[in-house]
Amino acid sequence: MVKYNDILSRAYKAMENAYAPYSNFFVGACVKTKDGNYFIGANVENASYGLTNCAERNAIFQAYSNGYRQDDIEAIAIVGKGNTLITPCGACRQVLVELLKRDTPIVLGTKDEVVVTNIEELMPMSFTSDSL
Ligand SMILES: [Zn+2]
């Protein structure tokens with residue numbers, strides 16, 4: 001899918017930087033902002049497994065850390081090392097439901113397949129600030 005080649009290629013490059021000595025499960029992500037900036041993330045594991053942070057959270061936290069907010073984000077790509085589509089884990093979905101707009105494209109890619117979804121599809125009836 002040519003439209004998303006820019007973020008998919010950056011996500012694959014980020015994946016090479018994954019620190020995954022325990023799972024050997026390499027994931028990369030890339031957020032593109034509407035003004036043309038890119039923020040990459042890779043998964044970073046820890047011997048205390050629960051402290052591991054996923055690629056897509058690292059990427060979107062980078063974007064937010066640089067001052068961008070959900071209205072500024074054009075899309076996010078997530079890729080893995082194998083030939084299986086990597087979808088965000090539950091923790092990441094909860095983060096993305098707050099930090100992305102409901103219809104922001106979430107681009108899941110392998111070498112052979114690209115699926116474009118969004119957080120509304122991935123996490124319907126989610127808990128948000130509207131629930132408070
Ligand atoms: Zn995750």
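Because the structure is a prediction, the values reported are computed rather than measured. (Residues numbered from 1 in each chain as written. Predicted model: local features only at pLDDT ≥ 70, side-chain atom pairs only at ≥ 80, totals over all residues. Heavy atoms only, no water.)

**Describing the layout of surface pockets**
One number sums up the size of the largest pocket: a volume of about 160 Å³. Along the walls of the largest pocket sit 14 residues, with Phe25, Val27, Asn43, Cys54 and Glu56 positioned nearest its centre. Here the residues of the lining of the largest pocket are counted per class, giving seven nonpolar, five polar and two charged. (1 Å grid on protein atoms, 1.4 Å probe; cavity = no way out; pocket = protein on both sides within 12 Å on 5 of 7 lines; lining within 4 Å. Points joined across faces, edges and corners; volume = space filled by probe spheres on them. Nonpolar A, V, L, I, M, F, W, Y, C, P; charged D, E, K, R; others polar.)

**A few points about the coordination of the zinc ion**
The coordination sphere of the zinc ion, as far as protein atoms go, consists of Cys54 (SG), Cys89 (SG) and Cys92 (SG), spread over 2.2 to 2.3 Å. Taken in chain order, the donor set of the zinc ion reads C-x34-C-x2-C. Here Cys54, found in the loop between β2 (38–42) and α2 (55–65), pairs with Cys92, found in helix α3 (residues 90–99); they are 38 residues apart in sequence, far enough to count as distant. Pair check on accessibility: Cys54 and Cys92 agree, each one buried. (Donors = N, O, S within 2.8 Å, 3.2 Å for Na, K, Ca; no water. Helix = DSSP H or I, 4+ residues; strand = E, 2+ residues; numbered from the N terminus. Buried < 20%, exposed > 50% of the residue type's maximum accessible area, 1.4 Å probe, protein only.)

**Looking at the pattern of salt bridges**
A full pass over the atoms with the stated rule returns four salt bridges. For Glu74, the salt bridge goes to Lys32, with nearest N and O atoms at 3.8 Å. Of the two residues, Glu74 sits in strand β3 (residues 73–80) while Lys32 sits in strand β1 (residues 27–33), which places them 42 residues apart along the sequence. With a relative accessible area of 35%, Glu74 lands in the partly exposed category. Between Glu120 and Arg102 there is a salt bridge, with the nearest N and O atoms lying 2.8 Å from each other. Of this pair, Glu120 sits in helix α4 (residues 119–122) while Arg102 sits in the loop between α3 and β4 (106–109); the two residues are 18 residues apart in sequence, bridging distant segments of the chain. (Salt bridge = Lys/Arg side-chain N within 4 Å of Asp/Glu carboxyl O.)

**Brief notes about the packing of aromatic side chains**
In total, this model carries two aromatic pairs according to the counting rule given. On the numbers, 5.7 Å between centres and 45° between planes, the contact of Tyr22 with Tyr49 is tilted. Linking Tyr22 in the loop between α1 (5–15) and β1 with Tyr49 in the loop between β2 and α2, this pair joins segments that are 27 residues apart in sequence. Residue class for Tyr22 comes out partly exposed when judged on its relative accessible area of 41%. Here Tyr49 falls in the exposed class, since its relative accessible area comes to 59%. Geometrically, the ring pair formed by Phe39 and Tyr68 is tilted, given 5.5 Å between the ring centres and 55° between the ring planes. On the criterion of sequence distance, the pair formed by Phe39 in strand β2 and Tyr68 in the loop between α2 and β3 is long-range, its members being 29 residues apart. Residue Phe39 is classed as buried on the basis of its relative accessible area, which comes to 11%. (Phe/Tyr/Trp six-rings, centres within 6.5 Å; stacked < 30°, edge-to-face > 60°.)

**Some points on the environment of Lys34**
Assignment of secondary structure puts Lys34 in the loop between β1 and β2. With 54 residues separating them along the chain, Lys34 and Pro88 place their C-alpha atoms 22 Å apart. Not counting the four nearest positions on each side in its chain, Lys34 is found in contact with Asp71, Asp72, Ile73 and Glu74. There is a polar contact of 2.8 Å between the side chain of Lys34 and the backbone oxygen of Asp71. (Contact = heavy atoms within 4.5 Å. Polar contact = N/O pair within 3.5 Å; in protein donor to acceptor, adjacent residues only side chain to side chain.)

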